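Geometric and topological summary
Here is what each chain is made of, one letter per residue.
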Amino acid sequence: MAEFDPVSLARLQFAATALYHFLFVPLTLGLSFLLAIMESAYVMTGRQIWRDITQFWGMLFGINFAMGVATGITMEFQFGTNWAYYSHYVGDIFGAPLALEGLLAFFLESTFVGLFFFGWERLPKLGHLTVTWLVAIGSNLSALWILIANGWMQNPVGAVFNPDTMRMELTSFWDLIFNPVAQAKFVHTVGAGYVCGSVFVVAISSYYLLSGRYQAFAKRSIIVASAFGLASALCVVILGDESGYTVSENQKMKMAAIESMWETEPAPAGFNLVGIPDKANKTIDYAIKIPWVLGIIGTRSFTEVIPGINELVAHAGERIRSGLIAYDALERYKANRSDSAAKAALTEHVSDLGYALLLKRYVADPRQADAATIAKAAFDTVPGVGVLFWAFRFMVGIGFSMIALFVMVFWDASFRNFSRRWLLWLAVCAFPLPWVAIELGWIVAEYGRQPWAVDGVLPTFLAVSSTSAAQVLFSLAGFVLFYSTLLVIDIILMRKYILMGPVEALGHTLNPNAAPAPAAMPAE
Amino acid sequence: MSIPFDYESLRVIWWLLLGVLLIGFAIMDGFDLGVAMLLPYVARTDTERRVMINAIGPVWEGNQVWLILGAGAIFAAWPPLYATAFSGFYIAMFLVLLSLIVRPVGFEFRNKFADAGWRRFWDYALFANGVVPSVVFGVAVGNLFQGVPFHIDSDLRVYYEGGGLFELLNPFGLFCGVLSAAMLATHGAVYLTLKTDGTVQARARDVVRFGAVATIVLFALAGLWLWFGIDGYAITSTIVANGPSNPTLKTVARMPHQWFANYGLHPWTAIAPIMGLAGPLLALGFTALRLPILTFIGSALGIFGIIATAGLSLFPFLMPSSTAPGVSLTVWDASSSRLTLFVMLVGTVLFLPLVIIYTAIVYRVLRGMITESILKSGHHY
């Protein structure tokens with residue numbers, strides 16, 4: 001049964017646990033900064049209402065944060081449990097940002113998040129504000145290190161294959177952390193998180209306004225969140241991570257697949273707004289094309305050519321042939337470690353070694369592959385065009401609609417005193433959209449990375465552990481069941497506290513005109 | 001870039017740092033797991049349970065990062081170990097993950113509804129959260145001493161012979177699991193004597209008395225079992241401490257009493273097992289004298305000693321193979337590259353002290369006992 005082989009199951013489990021995890025992470029990223037901004041307003045104005053605002057959104061933040069942490073541990077352990085060969089093959093590079101994430105970011109965020117909740121009475125105002133900012137900075141730094149790790153899978157810089165240890169090894173730590181793909185992904189991902197947090201606050205506050213409750217609370221929340229959200233949404237779209245799509249072969253393939261662009265076009269290439277991608281016939285039907293747009297967005301130039309899928313497949317075929325020379329040299333070197341001719345041949349072709357490994361899907365020894373098999377393996381470098389084409393378009397569409405929403409809400413809040421009810425309804429309806437866009441974004445990024453676990457280095461099907469399909473099926477079923485249960489409880493709890501509203505949840509009335517609150521008593 | 005340490009030194013340093021992180025996890029998150037384990041027994045009423053939960057409520061999250069960092073450090077510094085251990089103990093790791101996932105949601109969800117059945121459900125879920133990782137980590141160490149059935153091919157891909165959960169649950173493995181659970185339950189009780197008062201504190205003190213004795217007896221018996229019943233491993237080919245990280249290039253033999261060889265070669269290492277026995281003894285004495293901070297230090301020393309004993313006995317082995325001893329993972333052939341070890345060392349030297357400093361600040365802000373009356377005001381679980 002092809003569907004129940006260990007590779008598919010391990011991929012399904014990773015996809016499922018990652019998509020669950022990323023239901024919570026963006027809200028943590030966005031809400032943590034919003035909390036810090038709201039609490040800054042409290043410390044600057046001294047008005048109790050801002051403290052109430054911070055504490056109420058903080059309560060919802062806490063429920064979400066718990067789920068983010070819970071589902072995050074799985075992500076780290078999963079590389080070892082399900083992707084053992086990956087861990088061996090690239091752990092020398094990939095492990096470092098994960099460990100540094102723990103040391104530089106996760107410790108910060110987790111150590112201070114307890115104080116955020118339990119420290120209101122124990123810390124002076126400025127002390128607590130510092131704690132809140134540290135939580136926000138910690139969670140965003142955490143995203144930075146994770147995206148450095150992920151960026152390396154998309155564009156593996158600063159590393160070289162070592163035949164003595166049969167793995168990739170680090171050659172430059174700076175190349176790893178200043179990887180342009182990682183930088184683009186970081187800005188794009190945290191920006192999306194800020195949009196998510198802002199929509200969350202705006203949508204729930206709009207609901208309160210529609211039901212005529214907590215005016216002072218909701219209006220202030222909307223002003224902060226719509227301003228922050230507008231800036232972030234512009235960032236996400238303008239600094240979208242397609243800026244990283246030109247730097248490597250696989251990234252180019254991803255862009256061509258997103259476009260369903262089979263033939264290379266003269267620069268600047270046109271953008272297929274909609275159409276029906278047809279991978280079997282290597283074409284796109286009924287395409288509505290906007291000239292120039294793709295070339296300008298993708299390359300930031302009028303002259304640079306974006307290669308089409310067919311050209312990239314032909315190139316992959318060449319790299320497989322070059323990789324076979326490396327593979328043969330490696331086998332000779334393994335048999336005789338003093339064979340310097342073999343080592344020289346390996347060194348010359350080592351950057352294509354991963355392409356030869358693509359053949360292992362069809363033959364145990366890639367050197368036995370015939371021309372037809374090589375052509376098949378080269379075509380394997382084309383990811384699922386249809387999925388990428390549509391996932392990308394829905395994601396971008398939502399991105400633009402978020403900008404429009406924030407512009408309108410911010411305008412309405414600033415100059416029309418929240419007078420347009422239909423806009424409040426629109427904001428409520430927008431609630432799920434950031435999550436949809438974010439999950440689609442990960443599908444574009446990671447499904448688009450296939451067939452590679454690490455671009456051009458290690459095919460996904462070779463990266464798994466030697467665990468049995470039964471074991472993986474067991475854990476996959478366990479995670480889906482367990483996570484789904486928790487998600488249901490999480491949603492019930494969120495709903496309970498949202499419906500309850502700030503007055504009941506905080507246990508006191510909100511008074512927007514209250515005199516500046518007395519400074520909290522220090523613990524001494 | 002020239003790296004100012006040779007490969008051998010970096011490997012030894014990272015072996016020590018791995019020990020520091022694992023001991024840090026056991027001391028810091030160990031009491032969280034211990035408190036969770038004791039939840040149904042030390043506390044009888046809902047308020048008492050809330051006292052216990054809130055005693056660790058603000059700090060467990062930071063403590064858990066010791067585990068995250070420990071796993072990350074194994075990934076970064078010992079990739080073959082990370083690959084082999086995590087996939088070899090597949091179902092065991094899955095159970096650990098599920099039980100760790102319970103904790104944040106259990107803490108966050110439990111107090112959100114007043115229903116007694118709801119709260120009882122989360123009490124037992126949190127109990128499982130304490131017991132399962134504590135036992136599994138002990139079982140894993142017990143299995144390291146016996147060797148794990150795996151082999152490695154020339155592509156350095158790892159394969160397991162059998163390797164199911166039930167093979168891990170052999171008598172010595174389970175015995176080490178019980179030792180680990182006793183050690184961490186005691187530590188949790190010690191923490192409760194520090195952070196609570198009244199009946200919870202009195203019951204916790206009873207647990208410390210019983211648990212410290214149990215830890216000492218179990219630790220001593222594990223040593224005797226190891227001496228009489230379990231052969232150790234030794235590298236029989238020339239040791240290349242500066243060589244490439246390829247575990248398939250050496251020969252290894254099993255021989256009796258070999259797990260004690262290091263104590264003969266370097267007698268000063270005997271301080272670890274002595275600490276393992278003396279620590280719980282100190283905890284026992286200080287708790288009788290009502291000196292909770294010193295009790296905590298004693299208990300922490302005991303944990304330090306017991307884990308250090310395991311590491312020193314195994315050295316230079318990290319994960320021996322029972323079916324293909326030659327491919328056992330050792331400090332000399334299962335590390336990452338020299339550059340990665342160096343970069344990670346710089347990161348650790350710069351930032352781990354900072355982590356310890358701000359952790360200390362947070363504990364200082366949160367100092368004082370959690371009493372039943374405190375729970376009536378402010379934010380609490």
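The sections below set out a description of the structure shown in this document. This structure is a prediction, so every number in the text was calculated from the model and none was measured. Numbers given for residues are sequential positions, taken from 1 along each chain in its written order. All chains are assigned letters beginning at A, and all ligands numbers beginning at 1, according to the order in which they are written. Owing to the predicted nature of the model, reporting of local features is limited to residues with pLDDT of at least 70; listing and counting of side-chain atom pairs is limited to 80 or more, with chain, interface and lining totals taken over all residues.

Thoughts on the interface of chain B and chain A
Facing the 62 residues of chain B at the interface are 61 residues of chain A. Helical segments are the DSSP runs of H or I of at least four residues, strand segments are the runs of E of at least two, and each set is numbered from the N terminus. Among the elements of the structure, α3 (60-77), α4 (79-88), α5 (90-110), β2 (158-160) and α13 (338-365) of chain B are those that each provide at least two residues to the side of chain B that touches chain A. Here the element with the most residues in the side of chain B that touches chain A is α13 of chain B; it accounts for 13 residues. Of the residues in the side of chain B that touches chain A, the class split is 40 nonpolar, 17 polar and 5 charged. Contact between two residues is assigned whenever their backbone-derived C-beta positions fall within 7 Å. Three categories are distinguished: nonpolar for Ala, Val, Leu, Ile, Met, Phe, Trp, Tyr, Cys and Pro, charged for Asp, Glu, Lys and Arg, and polar for the others, with Gly belonging to the last.

Describing the nonpolar core
Core analysis: the largest hydrophobic core is formed by 302 residues, its most contacted members being L34, A99, I320 and L458 of chain A together with V35 and M52 of chain B. At 23 residues, helix α3 (residues 84-118) of chain A tops the list of elements feeding residues into this core. In this structure, V35 of chain B is in contact with M52, A55, I56, G188, Y191 and L192 of chain B, ignoring residues within four places of it in sequence. To define a nonpolar core, we join buried Ala, Val, Leu, Ile, Met, Phe, Trp, Tyr and Cys residues through C-beta atoms within 7 Å and take the resulting set. For the exposure call, what matters is how many other C-beta atoms sit within 10 Å of a residue's own: 20 or more marks it buried, 12 or fewer exposed, and in between partly exposed, using C-beta atoms placed from the backbone.

So, the packing of helix α6 (residues 180-210) of chain A against helix α7 (residues 215-238) of chain A
Residues and elements named next belong to chain A. Between the N-to-C directions of two axes lies an angle of 0 to 180 degrees, each axis being a line fitted to C-alpha atoms and, for a helix, fitted only over the stretch in contact. Where α6 meets α7, the closest approach of the two axes is 8 Å, and the angle between their N-to-C directions is 155 degrees. Between α6 and α7, the angle falls in the class roughly antiparallel. The interaxial crossing formed by α6 with α7 has left-handed handedness. Taken together, the residues that form the contact of α6 with α7 break down as 16 nonpolar, 10 polar and no charged. With respect to orientation, any angle under 35 degrees is reported as roughly parallel, any angle over 145 as roughly antiparallel, any angle of 65 to 115 as roughly perpendicular, and every other angle as oblique. In this scheme the crossing of two helices becomes right-handed for a clockwise turn of the near helix relative to the far one and left-handed for an anticlockwise turn of less than a right angle.

Notes on the packing of α3 of chain A against α4 of chain B
Following both chains from N to C, one finds α3 of chain A and α4 of chain B inclined at 145 degrees, their axes separated by 8 Å at the closest point. Crossing of α3 of chain A over α4 of chain B shows right-handed handedness. On α4 of chain B, the residues that touch A84, S87, H88, G91, D92 and G95 of chain A of α3 of chain A are P79, P80, Y82, A83, T84 and S87 of chain B. By residue class, the composition of the contact of α3 of chain A with α4 of chain B is 5 nonpolar, 6 polar and 1 charged.

Looking at the environment of D206 of chain B
All names here are of chain B. One can find D206 in helix α9 (residues 198-229). Since 13 C-beta atoms lie within 10 Å of it, D206 is described here as partly exposed. Considering only alpha carbons, one finds D206 and T186, 20 residues apart in sequence, at a separation of 9.8 Å.

Structural notes on α5 of chain B
Residue and element names in this part refer to chain B. If you check α5, its first and last C-alpha atoms are 30 Å apart, about what 21 residues at 1.5 Å a residue would give, namely 30 Å. At P104, α5 shows its largest bend, some 30 degrees. Of all 21 residues making up α5, 18 are buried, and the element is well covered by its neighbours. Multiplying 1.5 Å by the helix residue count minus one yields the expected span of that helix. What the bend at a residue measures is the angle between two axes, fitted to the seven residues ending there and to the seven starting there.

Let's talk about unusual backbone geometry
In this model, Q450 of chain A is joined to P451 of chain A through a cis peptide bond whose omega is 10 degrees. Among the secondary structure elements, P451 of chain A is positioned in the loop between α16 (433-447) and β5 (452-454). Residue P316 of chain B follows F315 of chain B across a cis peptide bond; omega there is 5 degrees. The phi dihedral of R290 of chain B is positive, around 60 degrees, even though this residue is not glycine. Looking at the element boundaries, R290 of chain B is found in the loop between α11 (271-288) and α12 (292-314). For R290 of chain B, a count of 11 C-beta atoms within 10 Å puts it in the exposed group.

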